[in-house]
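These are the residues of each chain, in order.
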Amino acid sequence: MQASWMILASLFFATMSVCIKYASEYFHTFELVFYRGVVGVVLMAAICRSQSVAWRTPIPLMHVWRSVIGVSSLTAWFYAIAHLPLATAMTLNYMSGIWVAAFLVGGTLVMGRVQDRVRQGPVVLTVIAGFVGVVMILRPTIEQNQLFAGVIGLLSGLGAALAYIQVAALGRLGEPEARTVLYFSVGTTLTGAVAMLFVGPSAWVWPHAWWLLPIGLLAALGQLSMTKAYSSGATLVVANLQYSGIVFAALYGLFLFGDQIPLIGWAGMALIIASGVAATALRNRARPPAQNP
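Since the model is a prediction, treat every value here as computed from it, not as a measurement. Each residue is numbered by its place in its chain's sequence as written, counting from 1. pLDDT decides what is reported in this predicted model: residues at 70 or higher carry local features, side-chain atom pairs at 80 or more are listed and counted, and totals for whole chains, interfaces and linings draw on all residues regardless. Hydrogens and waters are ignored; side-chain quantities use all the structure's heavy atoms.

J.: Explain the overall build of the protein here, please?
T.: Counting its secondary structure elements, the protein contains 12 helices and zero strands. Each helix (α) and strand (β) of the protein, taken in turn from the N terminus, gives the series α-α-α-α-α-α-α-α-α-α-α-α. Only C-alpha atoms enter the radius of gyration, while the globule expectation follows 2.2 Å times N to the 0.38, with N the number of residues. In summary, the protein has a C-alpha radius of gyration of 19 Å against a globular reference of 19 Å for 293 residues, a match within 12%. If one aligns the C-alpha atoms of the protein with their principal axes, the spans along those axes are about 60 × 50 × 35 Å. Accessible area is worked out with a 1.4 Å probe on protein chains only. A residue is then buried under 20% of its type maximum, exposed over 50%, and partly exposed in between. A total of 293 residues make up the protein; the buried ones form 50% of that total. When contacts within the protein are restricted to residue pairs at least 6 apart in sequence, those whose partners lie at least 24 apart make up 90%. Each helix corresponds to a stretch of at least 4 residues labelled H or I by DSSP, and each strand to a stretch of at least 2 residues labelled E; elements are numbered beginning at the N terminus. Here a residue-residue contact requires only that any non-hydrogen atoms of the pair lie within 4.5 Å.

This is how it looks when you write it as structure tokens:
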């Protein structure tokens, strides 16, 4: 189920990125952040109510930290999408899987847990292989005048990795997924609203303003699915499966925009899929056998 949740989240986020690309012609980054948050708050509040999940949390500071790094990463990603080729922005953001692997392996090095290093090694290799597949599909390019946006895109991937690790920590503490996404949506809304006080709103151009609704809905559903995956799944395996979003994005380009996928792109898709299957198989093999009662 954890694999299914992450693949579903990747589909939601890939679809959202297409909507953002269209909407960014009419709304600036902070407006997209704000409206995404507003729709997410409404949807998550309704889900919390239907599931009888209280809004109050016993660990508010963890949610504050998750919201700060998550909103910062989100804002950076939206900026990168608006100012870089979509393939480059997506590649830089999807480096989050590499960052997650680096943080987890670094943690085991610091703690001196040799057994964990040996066990995680093959899964780390699948994460790296998956990212190689991402590069093969997207073949990112960057111009000299896009260096600043490139740095912002790189920071979006780093922030996303920290946010995913925090989501996993919240899940281990038993925090409901809907409440985690609700707090993140509140943080997103507040950040976008404060920024709009300084940069001002854009004029609503119909029917283009309707792009704001699917962005918010897809973002909230993607966050919920991703939170479910990271809350109960193996972090490295989930990070690897996140690369499936690039496959969905490439297929969107093929069928919606007439983009041509060269042979190296199809090979990259195959590598991403193979690395995801391998990571899941390695995780299942590493699990201890169930004890008979």
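Here the narrative resumes.
J.: Just to check I follow, could you spell out the packing of helix 2 (residues 29-50) against helix 8 (residues 177-199) for this structure?
T.: Packed helix pairs are characterised by how far apart their axes lie and by the angle those axes make with each other. To define axes, lines are fitted to C-alpha atoms, for helices over the stretch in contact only, and angles between the resulting N-to-C directions are given on a 0 to 180 degree scale. Where helix 2 contacts helix 8, the two axes come as close as 7 Å, and the packing angle between them is 150 degrees. With respect to helix 8, the axis of helix 2 lies roughly antiparallel. Helix 2 and helix 8 meet at a crossing whose hand is left-handed. In this count, Pro and Cys sit with the nonpolar residues alongside Ala, Val, Leu, Ile, Met, Phe, Trp and Tyr, while Asp, Glu, Lys and Arg are called charged and the others, Gly among them, polar. Each residue belonging to the contact of helix 2 with helix 8 can be placed in one class, and the counts come to 19 nonpolar, six polar and three charged. In what follows, roughly perpendicular refers to angles from 65 to 115 degrees, roughly parallel to angles under 35, roughly antiparallel to angles over 145, and oblique to any angle outside these ranges. With the far helix as reference, a near helix turned anticlockwise by less than a right angle produces a left-handed crossing, and one turned clockwise produces a right-handed crossing.

J.: Before we go on, may I ask you to explain the nonpolar core in this structure?
T.: The tendency in soluble globular proteins is for nonpolar side chains to be buried side by side. To define a nonpolar core, start from buried Ala, Val, Leu, Ile, Met, Phe, Trp, Tyr and Cys residues and group those joined through side-chain atoms within 4.5 Å. Formed by 64 residues in total, the largest nonpolar core has its most connected members in Met6, Met16, Leu32, Phe78, Ile137, Tyr230 and Ile246. Sort the elements by how many residues they give to this core and helix 1 (residues 2-23) lands first, with eight residues. Of all hydrophobic cores here, the second largest spans 10 residues; its members include Met44, Ile47, Val181 and Leu224.

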